[in-house]
Amino acid sequence: MSESRRLYEEAQRVLVGGVNSPVRAAIKPYPFFVREGKGPYLFTVDGNRLIDYVLGYGPLILGHAPEPVTRRVMDYVSRGWLYGVPTEIEVLLAKKIADHFPSIRRIRFVNSGGEAVSTAIRLARGYTKRKKILKFEGCYHGAVDYVLVKAGSAAAHFGVPLSAGVPEDVAKLTLVARYNDLDSVERVMRSEGNDVAAIIVEPIMANYGVIPPKDGFLRGLREIADRYGALLILDEVVTGYRIGLGGAQRYYGVSADITTLGKIIGGGFPVGAVGARDEIMDLLSPRGPVFNAGTFNGHPISMVAGLATIEVLETTNAYENAINTSRRLAEGFNDIFSRLDIDHVVNWAPTMLQVFFTKGEVVDHETASKSNTKLYLRLHEELLKRGVFIAPSQFEAMFTSSSHTNGIIEETLRQVEDSAKALR
Ligand SMILES: *Cc1c(COP(=O)(O)O)cnc(C)c1O
């Protein structure tokens, strides 16, 4: 019996489904257990080396254990790591983010993307004194009651678009529109717009595969939100620092009222952040009446790892590498499946991509759902046998890091070709 299998059997006795986050159980027949990560590789307890395109579901844009981050964390940890009073490192990271995001003048650091979203929604409600929010079918914003309605990611993979335990009274405050379809937004807003506190959106959908916004979609949302006096929350938990400094809002030239961040800004340690202009942020405790607090908020190790990561992104060609390799990977997937005459669509955004086995384009939850998710799972399995780890769910993304060299991409594409042949 493999060591992973033995550990998984033990894990199932004490952890729900043997895991602490559902997508990890999607690897069949059992998830591999990891011993170590270095650069683009994971090393399993069974002695296998895998090229990693999951990267902790997005945060590790420099790959595993990059030297500059490791060094700063090691240095810091010797000073203790939790004080219950402010540290300089929180200020430095906040200043850095405010430099890169003109829409963010003040920040509150929390411990996860989901917490950031729940705080952002509370702030939007406090600011507008309205109750409802509008989200998009297939967008995922964390394991938070208000946004677990028609959600993507593991909620889509395991078929729980509306989570049990979310009271109907809560769910009915969440309105749902269709991504990349401004008419659907306009329809909802025409009837309920005056009760809507915020429109919340992933500027690039990254939890239903990868689905970029069509030209004008985000600017259209900005205009509709303004017209109805609602706030626009851009959930940049994935895209912030992944598609570049300044996130999707800079890339697409659209400004947010409230931005949520997470993942990369903690350098792989737990983190979340809410940012906005002063007038909105000053409503938050201790300045204002909208409550937020957290024992671990602004945790020094997350702050130092995030700051070290962002400094590498600012001063090296890390983005250029990660973007080029993601593009090369997307082209390679396209070439291979075209040559083998397998219907497919590859959606790409800087440093992220996903392949869908379908005809036509993938622009929203519905077109994504038409794809052959079983074939995607088989691709994942075939690749895993050949030393390449892509997410075990169609409704996640593939990510590249600055540690994925051209050679690693070529090696990956050879395995993709062999895997694709095995699919027929
Ligand atoms: C991952 C993610 C979240 C949730 O972040 P957690 O740290 O897992 O709570 C929220 N929004 C988006 C867009 C995400 O991708």
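Counting of residues starts from 1 at the beginning of each chain's written sequence and follows it residue by residue. Restriction of local features to residues with pLDDT of at least 70 applies here, the model being predicted, together with a cutoff of 80 or more for giving and counting side-chain atom pairs; totals for whole chains, interfaces and linings are based on all residues. Side-chain descriptors were evaluated using all non-hydrogen atoms of the structure, hydrogens and water having been removed beforehand.

An unreviewed UniProt entry lists the protein chain under the name Glutamate-1-semialdehyde 2,1-aminomutase, with Vulcanisaeta souniana JCM 11219 as the source organism. UniProt positions are given in the numbering used here, feature names are shortened, and annotations may be inferred rather than shown by experiment. As its UniProt record puts it under Catalytic activity (unreviewed entry), the protein chain is described as follows: "(S)-4-amino-5-oxopentanoate = 5-aminolevulinate". Checking UniProt for the protein chain, the heading Sequence similarities (unreviewed entry) contains the comment "Belongs to the class-III pyridoxal-phosphate-dependent aminotransferase family. HemL subfamily."

Visitor: Residue-level account of the UniProt feature "modified residue: N6-(pyridoxal phosphate)lysine" (unreviewed entry) in the protein chain, with values.
Guide: Per the UniProt record, "modified residue: N6-(pyridoxal phosphate)lysine" (unreviewed entry) is found at Lys263. The helix count covers DSSP runs of H or I at least four residues long, the strand count covers runs of E at least two residues long, and both are numbered beginning at the N terminus. By the element assignment, Lys263 lies in the loop between strand E9 (258-262) and strand E10 (272-276). Those residues within four positions of Lys263 in sequence are excluded, and the remaining contacts are Tyr57, Pro59, Val237, Val238, Gly268 and Val271. We call two residues in contact whenever any of their non-hydrogen atoms come within 4.5 Å of each other.

Visitor: Summarise the layout of surface pockets; cite the residues concerned and give the values.
Guide: Cavities and pockets are defined on a 1 Å grid built over the protein atoms alone: a cavity is a set of grid points where a 1.4 Å probe fits but cannot escape, while a pocket is an open set with protein on both sides within 12 Å along at least five of seven lines, and lining residues are those with an atom within 4 Å of any such point. Grid points are joined across faces, edges and corners, and a volume is the space filled by probe spheres set on the points. Here the second largest pocket is characterised by a volume of approximately 640 Å³. Lining the second largest pocket are 27 residues; nearest its centre among them are Glu90, Ile107, Arg108, Phe109 and Asn297. Put simply, Ala, Val, Leu, Ile, Met, Phe, Trp, Tyr, Cys and Pro go in the nonpolar bin, Asp, Glu, Lys and Arg in the charged bin, and everything else, Gly too, in the polar bin. Residues belonging to the lining of the second largest pocket are distributed by class as follows: 12 nonpolar, 9 polar and 6 charged.

Visitor: Explain the sheet that holds E9 residue by residue, including any values.
Guide: Between any two strands, at least two bridges found by DSSP are needed for them to pair. Spatially, E4-E10-E9-E8-E7-E5-E6 is the arrangement adopted by the 7 strands of the open sheet, whose pairing is mixed. With partners counted over all chains shown, the strands left at the sheet margins are strand E4 (106-110) and strand E6 (174-177), one partner each. With direction set aside, neighbouring strand axes in the sheet form an average angle of 20°. Pairing analysis gives 5 bridges linking E4 to E10, with the strands arranged antiparallel. Paired with Ile107 across the strands is Gly275, a residue of E10. Each axis is a line fitted through C-alpha atoms, taken for helices only over the stretch in contact, and angles between the N-to-C directions span 0 to 180 degrees.

Visitor: Residues and numbers for the site of the ligand, please.
Guide: Any residue with at least one heavy atom within 4 Å of a molecule or strand is counted as near it. Surveying the vicinity of the ligand reveals the residues Ser112, Gly113, Gly114, Tyr140, His141, Gly142, Glu202, Asn207, Asp235, Val237, Val238 and Lys263. In this structure, Gly113 approaches the ligand through a main-chain N or O atom, which is 2.8 Å from an oxygen atom. Here, Shrake-Rupley sampling with a 1.4 Å probe gives the accessible areas, and only protein chains in the shown set may cover a residue. When the ligand is considered free in solution it has 380 Å² of accessible area, and contact with the protein chains removes 82% of it. Pairs of N or O atoms within 3.5 Å make up the polar contacts considered here, provided that, within protein, one atom can donate a hydrogen while the other can accept it, and that residues adjacent in sequence are counted only when both atoms are side-chain atoms.

Visitor: Describe in detail the sheet that holds strand E12 (residues 352-356), supporting the description with residues and values.
Guide: Spatially, the 3 strands line up as an open sheet ordered E11-E12-E14, and their pairing is antiparallel. The open sheet is flanked by strand E11 (345-349) and strand E14 (398-399), the only strands paired with a single partner. Sheet analysis places E11 next to E12, joined by 5 bridges and oriented antiparallel. Residue Val346 lies in a different strand from E12, and its bridge partner there is Val355. Along the sheet face, helix H12 (residues 318-339) touches E11, E12 and E14 and points at about 175° away from the line of E11.

Visitor: Please provide a residue-by-residue account of the domain arrangement of the protein chain, values included.
Guide: Interfaces are frequently sized by the accessible area removed from exposure as the parts join. Here the limits of each domain have been adopted from an automatic or database domain assignment. Considered domain by domain, the protein chain is made up of domain 1 (7-66 + 317-423) and domain 2 (81-314). Throughout, the accessible surface (probe 1.4 Å) given up by two parts as they are put together, summed over both, is called the buried area. Across the domain 1/domain 2 interface, buried area totals approximately 2,900 Å², and carbon plus sulfur atoms make up 66% of it. The rule for a salt bridge is simple: a side-chain nitrogen of Lys or Arg has to be within 4 Å of a carboxyl oxygen of Asp or Glu. For the pair domain 1 and domain 2, the interface holds 2 salt bridges. Broken down by secondary-structure element, the contributors of at least two residues to the side of domain 1 that touches domain 2 are H12, E11, E12 and helix H13 (365-369). Residues belonging to the side of domain 1 that touches domain 2 are distributed by class as follows: 24 nonpolar, 9 polar and 3 charged.

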